[in-house]
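As a plain string of letters, each chain reads:
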Amino acid sequence: LCLYFKVYVACQSMLIVLVGAVPEYHIDREGIPASRAELAKHIHFADNFTFFFRQWYLVEQEAYKVSLASSLFFAGLLIGNITFGPLSDKLGRKPVYISGLFFDVVFGYVTALAPNYDIFAVSRFFVGIVNGGMALVSFVLTQEYVGKSFWSFTGSLTNLTFAVGIAVYALLGYCVREWRYLALVSNTLGVIFLLLSFMLPESPRWLYSQGKTAEAEDVLQYIALGNGKERLNLKLKPSAGTLRKHELAPGILNLVKHPVLRWRTVVLMYIWYVCSFVYYGLTLNAGELRGNLYLNVALSGLVEVPAFPLCMFFIEKSWSGRRKTMTCFLIFAGFACIFTMFLPSAGLLLSPTLLALCGKMMVSAAFNIVYIYTSELYPTVLRNAGLGVCSMSCRFGGILAPFVPSMKSLSPSVPFVVFGISGLSAGFLTLLLPETLNKPIAESIEDLQSPKY
């Protein structure tokens, strides 16, 4: 259920790509419109598709509002990434996940039914908050339902369903051309997942880290019975990091207070930032596809699909593991950026577009690994907080990437050099982190002091 939920997250994340598309139009300049209502009579669109751009005539001085709606969504993601993680570490995965999904659905319907642009834009901001935070919580919940030996599989499958969700949304957009109906249909998926989510148990790892061993045992029995196993004679030992009544739950400041976690957090934040920075840099600068809007959206998701089998193969091998594999993928993506500027624009076998798509596949693979790798580097009591902080830095990369092309005024190759150096630096910096393959998962901060971790 948590895996399929990523399809809904993808639809919400990509909503603005289709409903916010700018159709071809021209303005009849005969006479000077005295008002917005008059201006609407002078605008002629090239097709009959309906976008919110067309409904509210966001042209000339109002054109910036199309990009603003997208920026507000990403601003919401920033807030959601940093707030939902610590909340789920303290209150539990399931209640935070269900609450976030409920509000995601509510604000999703507000988006679809918005009577004016202002309400539409504000609703996108709140959708970003709950969507970004809840996506992280659902990822951690998925990982903590299974044993560590399955983390690479479930982590890769989670991100794979997100990529497939982008293609599903493109198909929905092709079939449902009216933007309000498209928003309603894609949001209805959230209602289905919300009703089904009440059947989910709490994370047994979180319960165990909080000292609730009896409840953790019940959840494990429930999962075992669901897997067709006979009832087990299960008894968990008390967790070494169980909180005493007078102690406060670990907060986000523990990421800074403890030297081990502080160093890991700084390195991981930079890697997450670069993954997003290079991903959007390749997409916007080297691999820009022209033609059918819906086909382009579908390809942007499907091109990432081959990355996930590659991840699952390499990160489970003892000679590569998480660290070396992510290093190689990031370095390859960095070289893809740099080599793009040396290729002719219309090559037969090697063209900038083809190399950019290969680079995008590699950085998508690195993105997939960094989710799995980060969740293994943080103890259970701080896992969501760590993922939230790292994901927050990732959003800055996505926000900054579109502004780099302005550096072409210095030299056409400067943007590609910036993206390439970023990818290479993050790749080599990854080597400073410990390998987590076949290592136990830390449940508490105290576990990090043990040599086996």
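Residues numbered from 1 in each chain as written. Predicted model: local features only at pLDDT ≥ 70, side-chain atom pairs only at ≥ 80, totals over all residues. Heavy atoms only, no water.

Things to note about the packing of aromatic side chains
- One pass over the structure, following the stated rule, counts 13 aromatic pairs.
- Their ring planes at 70° and their centres at 5.4 Å tell us that Phe-125 and Phe-126 sit as a pair that is edge-to-face.
- Residue classification places Phe-126 among the partly exposed positions, given a relative accessible area of 33%.
- Among the aromatic residues, those joined into a cluster by ring pairs are Phe-102, Phe-103, Phe-107, Phe-125 and Phe-126. (Phe/Tyr/Trp six-rings, centres within 6.5 Å; stacked < 30°, edge-to-face > 60°. Buried < 20%, exposed > 50% of the residue type's maximum accessible area, 1.4 Å probe, protein only.)

A short note on the nonpolar core
- Counting 50 residues, the largest nonpolar core has Ile-271, Trp-272 and Met-326 as its most contacted members.
- Counting only elements with at least two residues in this core, the list comes to helix H6 (117–145), helix H12 (259–286), helix H14 (307–314), helix H15 (321–340), helix H16 (352–377), helix H17 (383–400) and helix H18 (414–430).
- Counting residues per element, this core draws most heavily on H16, which supplies 12 residues.
- Each of domain 1 (1–200) and domain 3 (252–452) contributes no fewer than three residues to this core. (Core = buried A, V, L, I, M, F, W, Y, C linked by side-chain atoms within 4.5 Å. Helix = DSSP H or I, 4+ residues; strand = E, 2+ residues; numbered from the N terminus. Domains from an automatic or database assignment.)

Considering the packing of H15 against H18
- With their axes 7 Å apart at the nearest point, H15 and H18 run at an angle of 165° to one another. Here H15 lies roughly antiparallel to H18, going by the angle between them. As for the relative orientation of H15 and H18, their crossing is left-handed in sense. In this structure, H15 contributes Arg-323, Met-326, Thr-327, Leu-330, Ile-331, Gly-334, Phe-335, Cys-337, Ile-338 and Thr-340 to the contact, and H18 contributes Phe-416, Phe-419, Gly-420, Ile-421, Gly-423, Leu-424, Ala-426, Gly-427, Phe-428 and Thr-430.
- Here the residues of the contact of H15 with H18 are counted per class, giving 12 nonpolar, seven polar and one charged. (Axes fitted to C-alpha atoms, helices over the stretch in contact; angles between N-to-C directions. Parallel < 35°, antiparallel > 145°, perpendicular 65-115°, else oblique. Left-handed = near helix turned anticlockwise from the far one by under 90°. Contact = heavy atoms within 4.5 Å. Nonpolar A, V, L, I, M, F, W, Y, C, P; charged D, E, K, R; others polar.)

Some words on the layout of surface pockets
- For the second largest pocket, the calculated volume is near 840 Å³.
- Along the wall of the second largest pocket there are 28 residues; nearest its centre are Thr-142, Glu-144, Tyr-145, Val-146 and Ile-223.
- Looking at the lining of the second largest pocket, the elements with two or more residues in it are helix H1 (2–19), H6, helix H7 (151–175), helix H9 (204–209) and helix H10 (213–226).
- Of the residues forming the lining of the second largest pocket, the biggest block, five residues, is contributed by H10.
- Of the residues assigned to the lining of the second largest pocket, the class counts are 19 nonpolar, five polar and four charged.
- Looking at the lining of the second largest pocket, you find at least three residues from each of domain 1 (1–200) and domain 2 (202–237). (1 Å grid on protein atoms, 1.4 Å probe; cavity = no way out; pocket = protein on both sides within 12 Å on 5 of 7 lines; lining within 4 Å. Points joined across faces, edges and corners; volume = space filled by probe spheres on them.)

Quick word on H10
- The end-to-end C-alpha separation of H10 is 20 Å, in line with the 20 Å expected for 14 residues at 1.5 Å each.
- Where H10 is buried, its residues touch H9.
- Gly-228 sits one or two residues past H10 and shows a positive phi near 85°. (Expected span 1.5 Å × (residues − 1).)

Quick look at unusual backbone geometry
- If you check the backbone angles, Asn-438 has positive phi at about 60° while not being a glycine.
- Mapped onto the fold, Asn-438 is located in the segment after H18.

Thoughts on the environment of Glu-316
- Relative to the helices and strands, Glu-316 resides in the loop between H14 and H15.
- Using a relative accessible area of 34% as the deciding quantity, one classes Glu-316 as partly exposed.
- Put simply, Glu-316 and Asn-438 are 122 residues apart on the chain and 8.8 Å apart in space, counted from C-alpha to C-alpha.
- The contact partners of Glu-316, leaving out residues within four places of it in the chain, are Ser-152, Arg-322 and Leu-437.
- Side chain to side chain, Glu-316 and Arg-322 meet in a polar contact 3.1 Å long. (Polar contact = N/O pair within 3.5 Å; in protein donor to acceptor, adjacent residues only side chain to side chain.)

Quick notes on a nonpolar patch on the surface
- Together, Phe-102, Phe-103, Val-106, Val-110 and Ile-119 give the surface a local cluster of nonpolar side chains, amounting to about 370 Å² of exposed area.
- By residue number, the principal contributor to the nonpolar patch is helix H5 (residues 93–113), which donates four residues.
- The partly exposed category is assigned to Phe-103, whose relative accessible area is 40%. (Patch = residues over 30% accessible without salt bridge, like charges linked within 9 Å, V, L, I, M, F, W, Y side chains within 5 Å. Areas by Shrake-Rupley, 256 points an atom, 1.4 Å probe, with all protein chains shown as cover. Salt bridge = Lys/Arg side-chain N within 4 Å of Asp/Glu carboxyl O.)

Notes on the pattern of salt bridges
- Summed over the entire model, instances satisfying the criterion amount to six salt bridges.
- Between Asp-89 and Arg-93 there is a salt bridge, with the nearest N and O atoms lying 2.6 Å from each other. Arg-93 carries the same exposure label as Asp-89, and that label is buried.
- Here the residues in one salt-bridge network are Asp-89, Arg-93, Glu-144 and Arg-383, joined through shared partners.

Considering the side chain of Asp-447
- Within the secondary structure, Asp-447 is located in the segment after H18.
- In terms of polar contacts, Asp-447 uses its side chain to reach the backbone amide nitrogen of Glu-443, at 2.9 Å.

Remember, this is a structural readout, not a statement about activity or role.
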